[in-house]
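Understanding the architecture of this molecule
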Amino acid sequence: MERKVRLIPFQVIKQVEKINEVPKGVGMIQAPKIWDQTKGKGITVAILDTGCDTTHPDLKERIVGGRNFTNDDDGNLDVYEDYNGHGTHVAGTIAAIQSNTGVVGVAPEANLLIIKVLDHNGSGRYEWIISGINYAIEEKADIISMSLGGPEDAPELHEAIQKAVTNNILVICAAGNNGDGDDSTDEFDYPGSYNEVISVGAIDLERHSCNFSNSNNEIDLVAPGEEILSTYLNGTYATLSGTSMAAPHVSGAVALIKVLANTSFERNLTEPELYAQLIKRTVPLGNSSKLEGNGLVYLTVLNHLSEIFDQQFILNC
């Protein structure tokens, strides 16, 4: 199987060596407001990407293992270092712990399983991604995060994703960056357009839809994806843009939601039930559903509804 797939194109805005802040995207989805309840402890997120800077001060304590399925490092399975930067940036948005000069991710106590399926050029083969998905299943990951894709619908890839979902793994994918800002035209990238995945489009930090974000009827929700600050190569930090940056916000959010929902229901929820819990935590932004699906992931929306209900109940009494 020689067909190729690439990481979804992204733009590096700037790179810095030191910083100390909660990234705006993490704040926008209200993650810090529920950290008193959970920071994602016990949840494992498998990141299928270009690897990770495994010595980064904000990430090294969160990495619990990994595997390399590319030809980098002569195909050594145990070396999953990132020579591109994309995978490290995604990892930071999900679970960076914020060192003294760092950033914090959405779920800073979640575990990261680094599965390298794209090489230093950001290119990979479908067989690498399929092997990566199967490895995530074997390792009993809770979530698979993929900010990669291509225009070709590959049945073998689709089957691997369906297998993951059958194993109660939530598969979260970037929608793609081939958008034209017109919701009357559809742009499909795979695996982001498969019905079984959670497809994430991008908005900017002003909550406007990004022109580059794909529009189609498989978009589930949106998250911040423009000028996103996170971890980068050699222990540094960078600001990047793309739906690749939106998807890990949702991956981290789902890690938090899974802890909250399983605790609330006192059992392990199924993949469809957890998807429903995610969609309950979205707010519409007024765009076409082809651009934003159910809206922006917003982790405290149920708290606000509860407060409103309590106020109404008191008034009615």
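Residues numbered from 1 in each chain as written. Predicted model: local features only at pLDDT ≥ 70, side-chain atom pairs only at ≥ 80, totals over all residues. Heavy atoms only, no water.

1. Details of the overall build of the chain
For clarity, the threshold we go by: A helix here means a DSSP run of H or I that spans at least four residues, while a strand means a run of E at least two residues long, and both kinds are numbered starting from the N terminus. Radius of gyration: over C-alpha atoms. The globule rule applied is 2.2 Å multiplied by the number of residues raised to the 0.38 power. Working definition: with a 1.4 Å probe on protein chains only, accessible area under 20% of the residue-type maximum means buried, over 50% means exposed, and in between means partly exposed. Contact definition: two residues touch when any of their heavy atoms are within 4.5 Å. Shrake-Rupley sampling with a 1.4 Å probe provides the accessible areas, and residues are treated as covered by the protein chains on show and by no other component. For the purpose of counting charges, residues Lys and Arg are taken to be positive, whereas Asp and Glu are taken to be negative. His and the chain ends are not included. Taken as the charge centre is NZ of Lys, CZ of Arg, CG of Asp or CD of Glu, depending on the residue.
The secondary structure content of the chain amounts to 8 helices and 15 strands. The C-alpha atoms of the chain give a radius of gyration of 18 Å, which matches the 20 Å a tight globule of 317 residues would have. Projected onto the principal axes, the alpha-carbon positions of the chain cover approximately 70 × 45 × 40 Å. Put simply, the chain has 317 residues, and 60% of those count as buried. Long-range contacts, defined as pairs at least 24 residues apart, comprise 76% of the intrachain contacts of the chain with a sequence gap of at least 6. For the chain, the accessible surface area stands at approximately 12,800 Å², while carbon and sulfur atoms represent 45% of it. Put simply, the chain has 22 plus and 43 minus side-chain charges, and the middle of one group is 6 Å from the middle of the other.

2. Here we look at unusual backbone geometry
Following Tyr190, the chain continues to Pro191 via a peptide bond in cis, the omega torsion being 15°. Phi is positive for Asp73, close to 55°, though the residue is something other than glycine. The phi torsion at Asn168 lies on the positive side, around 65°, for a residue other than glycine. You can see Asn168 is positioned in the loop between helix H4 (155–166) and strand E9 (170–174). Taking relative accessible area as the criterion, Asn168 reaches 33% and is therefore assigned partly exposed.

3. Quick word on the packing of aromatic side chains
So the rule is basically this: Pairing of aromatic rings covers Phe, Tyr and the six-membered ring of Trp, with a centre-to-centre limit of 6.5 Å; geometry is then stacked below 30 degrees between planes, edge-to-face above 60, and tilted otherwise.
Counted according to the given criterion, the structure contains 2 aromatic pairs. With a centroid separation of 6.0 Å and 65° between ring planes, the pair formed by Phe69 and Tyr135 is classed as edge-to-face. Here Phe69, found in the loop between strand E4 (63–68) and helix H2 (86–95), pairs with Tyr135, found in helix H3 (residues 126–138); they are 66 residues apart in sequence, far enough to count as distant. Taking the relative accessible area as the measure of exposure, Tyr135 reaches 8% and is therefore buried. Relative to Tyr194, the ring of Tyr190 lies with its centre 5.1 Å away and its plane at 50°, an arrangement referred to as tilted. One exposure class covers both Tyr190 and Tyr194, and it is buried.

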